[in-house]
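A structural walkthrough
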Amino acid sequence: MYLDRLRAVTPLLLLVALLAAILGVARTSKHSTDLERIRASGILKCGSHNGIPGFFFFKTNGQPAGLSVDFCRALSIAVFGDVNHVRLVPISMQSRFLALQSGEVDVLLPPTAMSIKRDTSLGLTNVATLVNNGVGFLVSRKLNATSARDLDGRTICVIQGSTMERAIVDYARPFNITIATRPYDNLQLERAAFFSGRCDGIVDDFVALQGDVAAAPDPASYVVLPDNIAKEQDGVMVRSGDASMEKLARWTFYAMVQAEEYGIDQKNVDAIYRSRASPEIRRFLGTEGDFGKALGTARNDWTYQIIRQIGNYGEMFDRSLGKDGLGVDRGKNRLWKDGGMMISEMWQ
């Protein structure tokens, strides 16, 4: 009887398998990768949290700005050859991973911390660390707190589901102190709650807290405590499975870091591009070799175009987070040769 049933079912299974194979071939032959789908659509959709100083915000003239915005534009140059194919999509902390998984956005940009859980369980891939950060507390000076240990018995506003919730618990336990948390589902509500006195402090990465102080009603009334309670690496994430998209995003980041190491910036890139520079520099800028072709960029001089239109990594950092932006010291985000952690793979 079992064999009779098997004989009856087998043709149906074969038919289902054949249809699946045909549909799979059809999907593969037409825009089978994320990169091909992005090119076919003519739009690169970049997701980031809106309203965060230094990363993604709107200037008084209505133009978007920030480190995440600049990197999205740099990636657009690599994919399409210019910056006019970008769609910036504001997303919430709670919906950010689903937005990338579902295809609402093609790239998830900082500030999103990279972690092993997110890298292994979400179907997403971390491709680059744009900002090496840390986690700390912003509190009112009225607390007279000089250390995070002084927050015993206090209540901290947090973003629900963020890595910050775990960071508070992990920090408090060894010191046998209790720090209560009050969760909110978006940054605007969390910040409003803190500045209106509904909690004693907020927890976030140090770069974001610097922006909060600058935007506070009375900046002198608030202080960022010195304790770094956790490391935080704000990265770039794409959907897993498309090696071409992963490589293009990763090497766009490397190109901006390498340009700074070479000493190439927006001011001198045109002169260097036209000069008889070293073979290494000519290959890097696309006047020799085929790095662009190997990566699948829109044009072989993609690195030159990125530096000319966006700048190197240091320029991007300074404009948004550093001396011309929030005033955050580069610290760990300096080049490796300057004692920092920013380094590019070799361009050979």
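Residues numbered from 1 in each chain as written. Predicted model: local features only at pLDDT ≥ 70, side-chain atom pairs only at ≥ 80, totals over all residues. Heavy atoms only, no water.

Some words on the state of the cysteines
As a reminder of what qualifies: Counting rule for disulfides: a pair of cysteine sulfur atoms within 2.5 Å. Strands here mean DSSP runs of E at least two residues long; helices mean DSSP runs of H or I at least four residues long; both are numbered from the N terminus. Partly exposed describes any residue whose relative accessible area lies between the buried limit of under 20% and the exposed limit of over 50%, with all areas from a 1.4 Å probe on protein chains only and scaled to the type maximum.
Considering all chains together, one arrives at 2 disulfides under this definition. Sulfur-sulfur distance for the disulfide between Cys46 and Cys72 comes to 2.1 Å. As the torsion about the S-S bond is roughly 85°, the Cys46-Cys72 disulfide counts as right-handed. In this pair, Cys46 sits in strand E1 (residues 44–48) while Cys72 sits in helix H3 (residues 67–80), placing the two residues 26 residues apart along the sequence. Judged on exposure class, the residue Cys46 and its partner Cys72 are both buried. Within the protein, bonded cysteines paired by disulfides and numbered along the sequence follow the pattern 1-2, 3-4.

Some points on the pattern of salt bridges
Going by this rule: Throughout this description, the term salt bridge denotes a Lys or Arg side-chain nitrogen within 4 Å of a carboxyl oxygen of Asp or Glu.
Under the counting rule described, the total for this entry stands at 13 salt bridges. In this structure, the salt-bridge partner of Arg239 is Asp34, at a minimum N-O distance of 3.3 Å. Of this pair, Arg239 sits in strand E11 (residues 230–239) while Asp34 sits in helix H2 (residues 34–41), and the two are 205 residues apart along the sequence. Assessed through its relative accessible area of 14%, Arg239 is described here as buried. A salt bridge links Asp301 to Arg299, with the shortest nitrogen-to-oxygen separation between them at 2.6 Å. The exposure class of Asp301 is buried, given its relative accessible area of 11%. One network of salt bridges, in which partners are shared, links Asp34, Arg37, Asp106 and Arg239.

A few points about the packing of helix H9 (residues 243–262) against helix H13 (residues 302–309)
Between two packed helices, the angle of one axis relative to the other and the distance separating the axes together describe the packing. The criterion, for reference: Note on method: axes are straight lines fitted to C-alpha atoms, helices fitted across the in-contact stretch only, with angles between N-to-C directions ranging 0 to 180 degrees. Whether a crossing is left-handed or right-handed is set by the direction in which the near helix is turned from the far one by less than a right angle, anticlockwise for left-handed and clockwise for right-handed. In what follows, residue pairs with any heavy atoms lying within 4.5 Å of each other are defined as contacts. When residues are sorted by character, Ala, Val, Leu, Ile, Met, Phe, Trp, Tyr, Cys and Pro go into the nonpolar class, Asp, Glu, Lys and Arg into the charged class, and all the rest, Gly among them, into the polar class.
Orientation of H9 relative to H13, taken along the N-to-C sense of each, is 65°, at an axis distance of 10 Å. Judged by the twist between their axes, the crossing of H9 over H13 is right-handed. Judged by residue contacts, Trp251, Thr252, Ala255, Met256 and Ala259 of H9 engage Trp302, Thr303, Ile306 and Ile307 from H13. Here the contact of H9 with H13 is built from residues that sort into 7 nonpolar, 2 polar and no charged.

Notes on the UniProt feature "domain: Solute-binding protein family 3/N-terminal" (unreviewed entry) in the protein
The following threshold applies: UniProt positions are given in the numbering used here, feature names are shortened, and annotations may be inferred rather than shown by experiment.
In this structure's numbering, the residues bearing the UniProt feature "domain: Solute-binding protein family 3/N-terminal" (unreviewed entry) are residues 43–272. What you have in residues 43–272 is 35% helix and 27% strand, and the ends, taken at the C-alpha atoms, are 31 Å apart.

Comments concerning the packing of aromatic side chains
Going by this rule: In summary, the pairing rule links any two rings of Phe, Tyr or Trp, Trp by its six-membered ring, whose centres are within 6.5 Å, and it sorts them by plane angle into stacked for under 30 degrees, edge-to-face for over 60 and tilted for everything else. Comment: the charge-over-ring label is applied if NZ (Lys) or CZ (Arg) is within 6 Å of the ring centre and within 35 degrees of the ring normal.
Throughout the structure, instances matching the rule amount to 15 aromatic pairs. A centroid spacing of 5.0 Å and a plane angle of 50° characterise the contact between Phe194 and Phe195, whose relative ring orientation is tilted. Considering the side-chain rings of Trp251 and Tyr254, the 4.8 Å spacing of their centres and the 80° angle between planes classify their relative orientation as edge-to-face. In this pair, Trp251 and Tyr254 are both assigned in helix H9, 3 residues apart and thus about one turn of the helix distant. What links up through ring pairs into an aromatic cluster is the set Trp251, Phe253, Tyr254, Tyr262, Phe284, Phe291, Trp302, Tyr313, Phe317 and Trp347. Stacked on the ring of Phe317, the Lys or Arg Arg330 has its end atom at 5.7 Å from the ring centre.

Re the nonpolar core
Formally: In this description, a nonpolar core means a group of buried Ala, Val, Leu, Ile, Met, Phe, Trp, Tyr and Cys residues linked to one another through side-chain atoms lying within 4.5 Å.
Within the largest apolar cluster, 56 residues are counted, with the highest numbers of intra-cluster contacts made by Leu44, Val107, Phe253 and Tyr313. Setting aside residues up to four positions removed in sequence, Phe253 forms contacts with Phe71, Ala128, Thr129, Leu130, Tyr313, Met342 and Ile343.

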